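# Structural overview
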Amino acid sequence: MANLTFLGAAGTVTGSKYLVEAGGKRLLIDCGLFQGPRELRQRNWDHQPLDVSTIDWVVLTHAHLDHTGWLPCLVRDGYRGPIFADPATIELANILLPDSAHIMEEDAQSAARHGTSRHNPVLPLYTHQQVAPTLAALKPIPREGASTISPQFTVRLRDAGHILGSTNIELTITENGRTTTVMFSGDIGRYNNLILKDPTPPPNCDVLLCESTYGDRDHPTDPPDQAIADIVNRVVKRGGVIVIPAFAVDRTQSLMYVVRKLEDAGTIPKLPIYVDSPMAINVSTFYRAHHEDYNQRFAAEATHGDPLDALSIHLTRSVQESKQINNVKSPAIIISASGMASGGRVMHHLIQRLPDARNAVILAGFQAQGTTGRQLQDGAKSVRIIGQEVEVKAEVQSLGQFSAHGDRGEILRWLGGMPAPPRTTYLTHGEPTASQALKTLIESKMKGWKIALPAYRQTVDLNS
Ligand SMILES: [Zn+2]
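Described below are features of the structure shown in this document. (Residues numbered from 1 in each chain as written. Predicted model: local features only at pLDDT ≥ 70, side-chain atom pairs only at ≥ 80, totals over all residues. Heavy atoms only, no water.)

## A short note on the overall build of the protein
Check the secondary structure of the protein and you find 14 helices and 22 strands. On C-alpha atoms alone, the protein measures out to a radius of gyration of 22 Å, which is about the 23 Å that the 2.2 N^0.38 rule sets for 464 residues. Structurally, the protein occupies a C-alpha span of about 70 × 50 × 40 Å along its principal axes. Out of the 464 residues in the protein, the part that is buried amounts to 58%. Look at the contacts in the protein between residues 6 or more apart in sequence, and 75% of them connect residues 24 or more apart. Counting only carbon and sulfur atoms, one obtains 51% of the accessible surface of the protein, whose full area is about 18200 Å². (Helix = DSSP H or I, 4+ residues; strand = E, 2+ residues; numbered from the N terminus. Rg over C-alpha atoms; globule rule 2.2 N^0.38 Å. Buried < 20%, exposed > 50% of the residue type's maximum accessible area, 1.4 Å probe, protein only. Contact = heavy atoms within 4.5 Å. Areas by Shrake-Rupley, 256 points an atom, 1.4 Å probe, with all protein chains shown as cover.)

## What about the coordination of the zinc ion?
Here the zinc ion is held by the protein donor atoms His62 (NE2), His64 (ND1), His162 (NE2) and Asp187 (OD), which lie 2.2 Å from it. Coordination at the zinc ion comes from four donor atoms whose angles at the metal span 90 to 164°, giving a geometry best classed as irregular. Written as a sequence motif, the donor residues of the zinc ion are H-x1-H-x97-H-x24-D. With His64 in the loop between strand 4 (57-59) and helix 2 (65-68) and Asp187 in the loop between strand 10 (178-184) and strand 11 (207-211), this residue pair connects regions lying 123 residues apart in the sequence. In terms of burial, His64 and Asp187 fall into one category: buried. (Donors = N, O, S within 2.8 Å, 3.2 Å for Na, K, Ca; no water. Tetrahedral: all angles 85-135°; square planar, octahedral: opposite > 155°, others 65-115°.)

## Examining the pairing of strand 13 (residues 273-276)
Burial of strand 13 is two-sided: the residues Ile273 and Val275 facing one way and the residues Tyr274 and Asp276 facing the other way are all buried. Relative to strand 14 (residues 313-315), strand 13 runs parallel, the two being bridged by three bridges. By the bridge assignment for strand 14, Val275 is matched with Leu315. In this sheet, strand 15 (residues 332-336) lies alongside strand 13 in parallel orientation, the contact comprising four bridges. Note on strand 15: the bridge partner recorded for Ile273 is Ile333. (Pairing = 2+ DSSP bridges.)

## Description of the side chain of Arg251
Following the sequence through the fold, Arg251 ends up in helix 7 (residues 251-265). Polar side-chain contacts of Arg251 include one of 2.4 Å to the backbone oxygen of Ala364. Those residues in contact with Arg251 that lie beyond four places of it in its chain are Ala246, Ala364, Gly365, Phe402, Ser403 and Ala404. (Polar contact = N/O pair within 3.5 Å; in protein donor to acceptor, adjacent residues only side chain to side chain.)

## Notes on the packing of aromatic side chains
What the rule picks out here adds up to eight aromatic pairs. Centroid distance Tyr257 to Phe298: 5.0 Å. Interplanar angle 75°. Geometry classified as edge-to-face. Of the two residues, Tyr257 sits in helix 7 while Phe298 sits in helix 9 (residues 296-302), which places them 41 residues apart along the sequence. Residue Tyr257 is classed as buried on the basis of its relative accessible area of 1%. You can call Phe298 buried: its relative accessible area is 2%. Grouped by ring-pair contacts, the aromatic residues Phe6, Tyr18, Phe184 and Tyr426 constitute a single cluster. (Phe/Tyr/Trp six-rings, centres within 6.5 Å; stacked < 30°, edge-to-face > 60°.)

Structure below.
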């Protein structure tokens, strides 16, 4: 009997981990980190409800840490099999996982220094040395065609249009002569993305797991370049600096592309742009290399030069260079990680820039509960960063246009591409209100769809 257990991203947006069991074998789809509030992060430390050494294979949908960031724990605790993924996902994981360890180590040191942790000693979840065996286990599988993993499991990857290398996974399970197909949506991207291709319509399946991050919302429809131009021109006029907490993967490249386009068109003045994230700088080289993920427009522009190269761009790698940005007084744009202001260099820029009303902070994507980004989005008058209370005087703007996740309309469009409804659809990867709203929307708009909201650690029979 084939079954599936939701080990994460059930009732929340992080920690994606789905265990499939069939024919005595165990396959894990994604192995993400829980992020956000302390109760959720605690799950990263809890003993998982299974012996990880009994897992036979892992397949990844894409490189984001909420889908890959628990892999070092899995390998440390005894997993010895391969970790299959798209080649671009492997390249990104080679940057994201060591960086994740680095941030954890830095945060642990900082918490120890400032006495902001309840633990003594303060330890990181994993260290960068513990990441190396995980990277060695990553094995590429092609985007096109079927990859047979074992007599029980065959996977096919399809474009998800979310970040470079992102895919949906179609899993065919064969057991006692019976086949069951399970689709894992991974994170569904945008239609008409600035850089990437549209998500591929899904095939028929028996069971579907569909993300629901924006299940209760539509993204703004006005073009992202106009929204950025409005803010930039307003802030330039009052002599301020713009800080954009941006995910190093995709968001930073989309912002670099938009700024370059606006500069070329003369819509905004030529400004110093600081890309203050060594990881984002490295990731940009992958975006320049993987033309297979480009949409037609971006591919055409890439034949005439580098569309990601703003006119006055400063790529800061060292901590020293990063600190010097504090001295910048004239209008400038600082793009820095992390994207939800939950750690990383952007925290120092926020401490520096939030108390000045001339400045602006642009939140360019999803801000999870419990993050500083979410507090800013919710209109906090002050936020606590690295043990200090920081007054929020700067203008705060949320630009949903830059989200890498499809909104509810785009999720419905993707679902509508499926020739027939699955037997059961589980909505995952959403906060409860978003998943519930999407369930109601699908049931009201699409005939014959049976929707369920799974619970953390719930096991379901895939054949029933
Ligand atoms: Zn993602």
